[in-house]
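Observations on the three-dimensional arrangement
The chain contents come next:
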Amino acid sequence: MATFVAIQYDTTEKADEVRKKLAELQKDYLIDLEDAVVAVKEQDGKTRLSQPINLTAAGAVSGGLWGSLIGLLFLNPLLGAAVGAGAGAVSGALTDIGINDKFMKELADGLHPGSSILFLLVRKATPDKVLPEIQPFGGKILQTSLSHEDEAKLQAALTEARSENA
């Protein structure tokens with residue numbers, strides 16, 4: 001079962017920096033992320049979600065390939081590719097894997113403009129190696145599926161970094 005964590009940052013760039021750092025740690029097998037989404041509250045008040053995988057594009061590519069193969073059977077691969085790409089794009093746009101988009105937008109709507117939230121679904125991690133890497137970024141825990149004790153430890157580590165940088 002994955003662990004959910006939502007961390008708020010005071011700038012629009014900070015959550016994306018932490019996500020990039022976690023991606024590096026994932027390459028070193030220190031953390032296994034199921035999903036990592038950044039929600040940014042723009043200065044105009046709009047909320048933007050930045051997801052690592054564009055499901056619409058992935059669906060279009062996959063659908064195009066399958067459509068071409070089916071089109072070959074009916075001697076019209078171009079038509080098959082076009083229909084398959086369209087169907088795949090629609091399917092990808094309607095698919096929501098990982099963290100629910102509606103939930104993320106609702107939580108991010110409460111932010112002040114110019115701030116961001118990093119939403120994480122973590123399958124497994126090596127906390128004693130991951131925490132020192134993200135601690136310098138600070139942040140405020142908004143919501144987690146951690147125990148109260150583990151959530152308090154995480155918030156204390158992030159708050160310590162924020163007070164050292166202030």
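Just so you know, these numbers come straight off a predicted model, no measurement behind them.

Next up on the list: the overall build of the protein. Scanning the protein from N- to C-terminus turns up 6 helices and 5 strands. A fraction of 71% describes how many contacts in the protein between residues 6 or more apart in sequence connect residues 24 or more apart. Working note: accessible area of the protein is about 9900 Å², and carbon and sulfur atoms make up 59% of it.

This brings us to helix α1 (residues 14-27). Helix length check: α1, at 14 residues, gives a terminal C-alpha distance of 20 Å against a target of 20 Å (1.5 Å per residue), a fit within 8%. Looking at the packing, one finds that the buried side of α1 touches β1 (3-9), β2 (31-41), β3 (47-50), β4 (115-125) and α5 (127-134).

Considering the arrangement of structural elements, one finds Ile 31 in strand β2. According to the relative accessible area criterion, Ile 31 is buried, its value standing at 7%. Each C-alpha atom of the pair Ile 31 and Lys 124 lies 5.9 Å from the other, and the pair is 93 residues apart in sequence. If we ignore the near neighbours within four places in the chain, the residues touching Ile 31 are Leu 22, Leu 25, Gln 26, Val 122, Lys 124, Ala 125 and Val 130.

Now for the confidence of the model for the protein. Averaged over all residues, the pLDDT of the protein is 77; the fraction at 70 or higher stands at 67%. Scored below 50 in pLDDT, residues 54-61 makes 12 contacts in the model with residues more than four places away or belonging to other chains. Note on residues 90-96: pLDDT under 50 across the span, and 5 contacts to partners over four residues away in sequence or across chains.

So, on to the pattern of salt bridges. Counted by the stated rule, this structure contains 8 salt bridges. Across the pair Asp 16 and Lys 20 runs a salt bridge, and its minimum N-O distance is 3.5 Å. Of this pair, Asp 16 and Lys 20 both sit in helix α1, separated by 4 residues, roughly a single helical turn. Close ionic contact of Glu 34 with Arg 123 constitutes a salt bridge, the shortest N to O distance being 3.8 Å. Here Arg 123 lies in strand β4 and Glu 34 lies in strand β2, a separation of 89 residues in the sequence. Given the relative accessible area of 39%, Glu 34 is considered partly exposed. Among the charged side chains, a network of salt bridges with common partners joins Asp 16, Arg 19 and Lys 20.

Strand order in the open sheet formed by 5 strands is β3-β2-β4-β1-β5, with antiparallel pairing between adjacent strands. Every interior strand has two partners, whereas the edge strands, β3 and β5 (140-144), have only one. Each neighbouring strand pair of the sheet contributes to a mean axis angle of 20°, computed without reference to strand direction. Pairing geometry for β2 and β3, over 4 bridges, is antiparallel. Bridge pairing links Lys 41 to Thr 47 in β3. Each of β1, β2, β3 and β4 touches α1; the most contacted strand, β2, lies at about 170° to it.

Below, the discussion takes up the packing of aromatic side chains. Evaluated as defined, the whole model comprises 3 aromatic pairs. Pairing Phe 4 with Phe 103 gives two aromatic rings, centres 5.8 Å apart and planes at 65°, and the pair type is edge-to-face. Residue Phe 4 is located in strand β1, and its partner Phe 103 is located in helix α4 (residues 101-108); the two are separated by 99 residues in the primary sequence. An aromatic cluster is defined as three or more aromatic residues linked by ring pairs; in this entry it consists of Phe 4, Phe 103 and Phe 119.

What counts and what doesn't
Residues numbered from 1 in each chain as written. Predicted model: local features only at pLDDT ≥ 70, side-chain atom pairs only at ≥ 80, totals over all residues. Heavy atoms only, no water. Helix = DSSP H or I, 4+ residues; strand = E, 2+ residues; numbered from the N terminus. Contact = heavy atoms within 4.5 Å. Areas by Shrake-Rupley, 256 points an atom, 1.4 Å probe, with all protein chains shown as cover. Expected span 1.5 Å × (residues − 1). Buried < 20%, exposed > 50% of the residue type's maximum accessible area, 1.4 Å probe, protein only. pLDDT = per-residue confidence, 0-100. Salt bridge = Lys/Arg side-chain N within 4 Å of Asp/Glu carboxyl O. Pairing = 2+ DSSP bridges. Axes fitted to C-alpha atoms, helices over the stretch in contact; angles between N-to-C directions. Phe/Tyr/Trp six-rings, centres within 6.5 Å; stacked < 30°, edge-to-face > 60°.

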